[in-house]
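# Per-entry structural report
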Amino acid sequence: MFDLGGKKALVTGGSGGIGAEIARALSARGAVVAITGTRMAALEEVVASLPGEGHILPCDLSDPAALDGLIPAAEAAMGGLDILVNNAGITRDTLAMRMKDADWDAVIDVNLSAAFRLTRAALKPMVKARRGRIIQITSIVGVTGNPGQANYAASKAGLIGMSKSVASEVAARGITVNCVAPGFITTAMTDKLTDEQKKTMAERIPAGRMGEPAEIAAAVVYLASDEAAYVTGQTLHVNGGMAMI
Amino acid sequence: MTDVAERVKKIVVEHLGADEAKVTENASFIDDLGADSLDTVELVMAFEEEFGCEIPDDAAEKILTVKDAIDYIKEHSA
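Computed from a predicted model, the values in this text were never measured in an experiment.

### With respect to the overall build of chain A
For chain A, the helix and strand inventory stands at nine helices and seven strands. Computed over the C-alpha atoms, the radius of gyration of chain A is 17 Å, within 12% of the 18 Å expected from 2.2 N^0.38 for a compact globule of 245 residues. Each principal axis of the C-alpha distribution contributes one length, and for chain A these read about 45 × 40 × 35 Å. Out of the 245 residues in chain A, the part that is buried amounts to 50%. Considering only residue pairs separated by 6 or more positions, chain A has 69% of its internal contacts joining residues 24 or more positions apart. If you sum the accessible surface of chain A, you get close to 10,800 Å²; carbon and sulfur atoms cover 55% of it. Averaging the locations of the 23 positively and 24 negatively charged side chains of chain A gives two centres separated by 5 Å.

### Comments concerning the packing of helix 1 (residues 17-28) of chain A against helix 9 (residues 213-224) of chain A
Residue and element names in this part refer to chain A. Where helix 1 contacts helix 9, the axes come no closer than 8 Å and their chain directions differ by 50 degrees. It follows that helix 1 is oblique to helix 9 by the angle criterion. Of the two elements, helix 1 crosses helix 9, and the hand of that crossing is right-handed. Contacts between helix 1 and helix 9 pair Gly-17, Ile-18, Glu-21, Ile-22, Ala-25 and Leu-26 from the former with Pro-213, Ala-214, Ile-216, Ala-217, Val-220, Val-221 and Ala-224 from the latter.

### Here we look at the environment of Leu-33 of chain B
Residue and element names in this part refer to chain B. Structurally, Leu-33 can be placed in the loop between helix 1 (4-16) and helix 2 (37-51). Taking relative accessible area as the criterion, Leu-33 reaches 9% and is therefore assigned buried. Taking C-alpha positions, Leu-33 is 17 Å from Ala-60, a pair spaced 27 residues apart along the chain. Sequence-distant contacts of Leu-33, defined by excluding residues within four places in its chain, comprise Val-12, Leu-16, Ala-18, Lys-22, Val-23, Ala-27, Ser-28 and Val-66.

### Here's the deal with the interface of chain B and chain A
Contacts between chain B and chain A engage eight residues on the former and seven residues on the latter. Summed over the shared surface of chain B and chain A, the result is five salt bridges. Between Arg-173 of chain A and Asp-36 of chain B there is a salt bridge whose closest N-O contact spans 3.3 Å. At the boundary of chain B with chain A, the tally comes to five residue pairs in polar contact (both at pLDDT 80 or more). Examining the composition of the side of chain B that touches chain A, we find that six residues originate from one element, helix 2 of chain B, more than from any other. Of the residues contributing to the side of chain B that touches chain A, the split by class is two nonpolar, one polar and five charged.

### A few points about the packing of helix 4 (residues 101-129) of chain A against helix 6 (residues 150-170) of chain A
Residues and elements named next belong to chain A. Contact geometry of helix 4 with helix 6 gives a least axis separation of 8 Å together with a crossing angle of 15 degrees. Here helix 4 lies roughly parallel to helix 6, going by the angle between them. Here helix 4 runs over helix 6; the crossing is right-handed. On helix 6, the residues that touch Asp-103, Trp-104, Val-107, Ile-108, Asn-111, Leu-112, Ala-115, Phe-116, Thr-119, Leu-123 and Val-127 of helix 4 are Ala-150, Asn-151, Tyr-152, Ala-154, Ser-155, Lys-156, Gly-158, Leu-159, Met-162, Val-166 and Val-170.

### Here's the deal with unusual backbone geometry
Residues and elements named next belong to chain A. For Phe-2, which is not glycine, the phi torsion reads 60 degrees and is therefore positive. Within the element layout of this structure, Phe-2 appears in the segment before strand 1 (8-11). Taking the relative accessible area as the measure of exposure, Phe-2 reaches 23% and is therefore partly exposed. In this model, Arg-130 sits at a positive phi of 60 degrees, which is unusual for a non-glycine residue. Tracing the chain through its elements places Arg-130 in the loop between helix 4 and strand 5 (132-137).

### Brief notes about the UniProt feature "domain: Ketoreductase" (unreviewed entry) in chain A
Per the UniProt annotation, the sites labelled "domain: Ketoreductase" (unreviewed entry) are residues 7-183 of chain A. Secondary structure content for residues 7-183 of chain A is 51% helix and 19% strand, while the C-alpha to C-alpha distance between its ends is 28 Å.

### Description of the UniProt feature "active site" (unreviewed entry) in chain A
Residues and elements named next belong to chain A. With numbering aligned to this structure, UniProt lists the feature "active site" (unreviewed entry) at Tyr-152. By the element assignment, Tyr-152 lies in helix 6. Ignoring any residue separated from it by four or fewer positions in sequence, one finds Tyr-152 in contact with Ile-90, Thr-91, Val-107, Asn-111, Ser-139, Val-141 and Met-189.

### Comments concerning helix 2 (residues 40-49) of chain A
All names here are of chain A. Along helix 2, the positions that sit buried rather than exposed are Leu-43, Val-46 and Val-47. Burial along helix 2 is one-sided: seen end-on, the buried residues are contained in an arc of 95 degrees. Residues Ala-41, Glu-45 and Ala-48 are exposed on helix 2 and point more than 90 degrees away from its buried face. Its buried side turned inward, helix 2 meets helix 1, strand 2 (32-37) and strand 3 (54-58).

The rules we used
- Residues numbered from 1 in each chain as written.
- Chains lettered and ligands numbered in written order.
- Predicted model: local features only at pLDDT ≥ 70, side-chain atom pairs only at ≥ 80, totals over all residues.
- Heavy atoms only, no water.
- Helix = DSSP H or I, 4+ residues; strand = E, 2+ residues; numbered from the N terminus.
- Rg over C-alpha atoms; globule rule 2.2 N^0.38 Å.
- Buried < 20%, exposed > 50% of the residue type's maximum accessible area, 1.4 Å probe, protein only.
- Contact = heavy atoms within 4.5 Å.
- Areas by Shrake-Rupley, 256 points an atom, 1.4 Å probe, with all protein chains shown as cover.
- Lys, Arg positive; Asp, Glu negative; His and termini not counted.
- Charge placed at Lys NZ, Arg CZ, Asp CG, Glu CD.
- Axes fitted to C-alpha atoms, helices over the stretch in contact; angles between N-to-C directions.
- Parallel < 35°, antiparallel > 145°, perpendicular 65-115°, else oblique.
- Left-handed = near helix turned anticlockwise from the far one by under 90°.
- Salt bridge = Lys/Arg side-chain N within 4 Å of Asp/Glu carboxyl O.
- Polar contact = N/O pair within 3.5 Å; in protein donor to acceptor, adjacent residues only side chain to side chain.
- Nonpolar A, V, L, I, M, F, W, Y, C, P; charged D, E, K, R; others polar.
- UniProt positions renumbered as here; feature names shortened; annotations may be inferred.
- Arc of directions from axis to C-beta.

Right under this line is the structure:
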């Protein structure tokens, strides 16, 4: 079950807590993995930790020119592309009344627009190959909302709508497009939340604990597998019961 | 060397699984040959590959029949 031997996977934001764990989990199942990011030292550390073949493709997703070259670069490095994981994400948290246009635009650009452009580019080889897996890492807050995260929540909700639309366009070509929506996971990103935000969120988790990056990675492995061929346009919530939707 | 029209028709037959007799120059991909909109995008990709040319999106949208494809390729290939 869930064997990814010979599959080629690109994971954006591969140096972050969740991205690195996704890369390791795909690699452990036999996939060749390429990771992107901007922090070279951290990317090198992740690739060194992979059990299988790994590649580093440095890329700043807020740079449109770099973005255009990423999918062709991934295909060239790995000899194809079977799995795209749009994991890269940023936050610029502040109350809506204080949110600058720049805070809004930066988050939408990286979290949503870059994910769309990479999805569009990845479809070309996938449609031709009549198979493919596209997995967007969205967030529980894209469905529930969260104070201070109007931009982030909008970008994550946007990923879900985008994925459903694309999923219906390419389902007949053997390509699935799904989202994984983490709840409250222990990463550098959640460390940035205020104590008050953390307390409020922790109280809402029936499992009584934060999630681990490996628990998100496991969901990605499933959706990337051949066994998940009949699952498309879905959002798999991994949140300890924090929201049951 | 096979001429452009024959190569285009061959791609259409192979890609859409259409009956060769139906793939006439005036046949519309969608109305006559059972293509869906994504098939037309794929056909354009296949033409680009076969003829080593790039067909921009605004031109691709106007390629609706077998003849449209043949004419475009004849005009734009060296």
